[in-house]
Amino acid sequence: MSSVNSMDIFRKNLANLIQQDPHTSMRNLSTSIGTSDSYIRKILAEGASPSFDKIDAISEFFNINSWELFYDADNDDNDSLATIQLLNRMPKDMLPVVQSYLDYLLNRQES
């Protein structure tokens, strides 16, 4: 099995986001995040790697979490993404309850 690096995943996800939004072009995304007109084109052509602040700006532009730009949909299933997104929206005080339930399920599997 070949490994895919995180920037390859990022580039693929970014290209998909741009393609899915008919109002977004590489140029308007570039200028919206405060960079040159060709910045996104350079990223997609593997001529540039974005800094953390630009990754955050791109995720804000698309109204997604930054980690979603690095989610490898080809090697993970949709249920995993949906679960992760649900957990991210959950109130922090509920996470220990979820963890306890997951521990219970894991212990039950081992029995």
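Residues numbered from 1 in each chain as written. Predicted model: local features only at pLDDT ≥ 70, side-chain atom pairs only at ≥ 80, totals over all residues. Heavy atoms only, no water.

Side note on the layout of surface pockets
Here is the rule: Cavity: a set of points on a 1 Å grid over the protein atoms alone where a 1.4 Å probe fits but cannot get out. Pocket: an open set with protein on both sides within 12 Å along at least five of seven lines, its lining residues, like those of a cavity, having an atom within 4 Å of a point. Grid points are joined across faces, edges and corners, and a volume is the space filled by probe spheres set on the points. Segments assigned H or I by DSSP are reported as helices when at least four residues long, segments assigned E as strands when at least two residues long, and all are numbered from the N terminus. Amino acid classes used here: Ala, Val, Leu, Ile, Met, Phe, Trp, Tyr, Cys and Pro are nonpolar; Asp, Glu, Lys and Arg are charged; the rest, including Gly, are polar.
Each pocket or cavity is described by its volume, and for the largest pocket that value is around 220 Å³. Around the largest pocket, the lining residues are Asn-13, Asn-16, Leu-17, Gln-20, Ile-64, Glu-68, Leu-69, Tyr-71, Ala-73, Leu-81 and Gln-85. If you list the elements that add at least two residues to the lining of the largest pocket, you get helix H1 (6-20) and helix H5 (78-89). Ranked by residue count, the leading element in the lining of the largest pocket is H1, at four residues. Among the residues forming the lining of the largest pocket, the class breakdown is six nonpolar, four polar and one charged.

Looking at the environment of Glu-46
Under the convention used in this document: Relative accessibility decides the category of a residue: with a 1.4 Å probe and only protein chains considered, values under 20% of the type maximum give buried, values over 50% give exposed, and everything between is partly exposed. Throughout, a residue-residue contact means that at least one pair of heavy atoms, one from each residue, lies within 4.5 Å.
Here Glu-46 shows up in the loop between helix H3 (39-44) and helix H4 (52-62). Taking the relative accessible area as the measure of exposure, Glu-46 reaches 56% and is therefore exposed. Distance in space between the C-alpha atoms of Glu-46 and Lys-12 is 11 Å, their sequence separation being 34 residues. Beyond its immediate sequence surroundings of up to four residues, Glu-46 is in contact with Asp-8 and Arg-11.

Details of the side chain of Thr-35
Put simply, the rule reads: Here a polar contact is recorded for every N or O atom pair within 3.5 Å, except that within protein the pair must consist of a potential hydrogen donor and a potential acceptor, and residues adjacent in sequence are included only if both atoms are side-chain atoms.
Along the chain, Thr-35 falls in the loop between helix H2 (26-32) and H3. You can call Thr-35 buried: its relative accessible area is 18%. At 2.7 Å, the side chain of Thr-35 and the backbone oxygen of Ser-30 are in polar contact. Filtering out sequence-adjacent residues up to four positions away, Thr-35 remains in contact with Ser-30 and Lys-54.

As for unusual backbone geometry
For Glu-46, which is not glycine, the phi torsion reads 65° and is therefore positive. Of note in the backbone geometry, Asn-63 takes a positive phi value of approximately 60° without being a glycine. Note that Asn-63 resides in the loop between H4 and H5.

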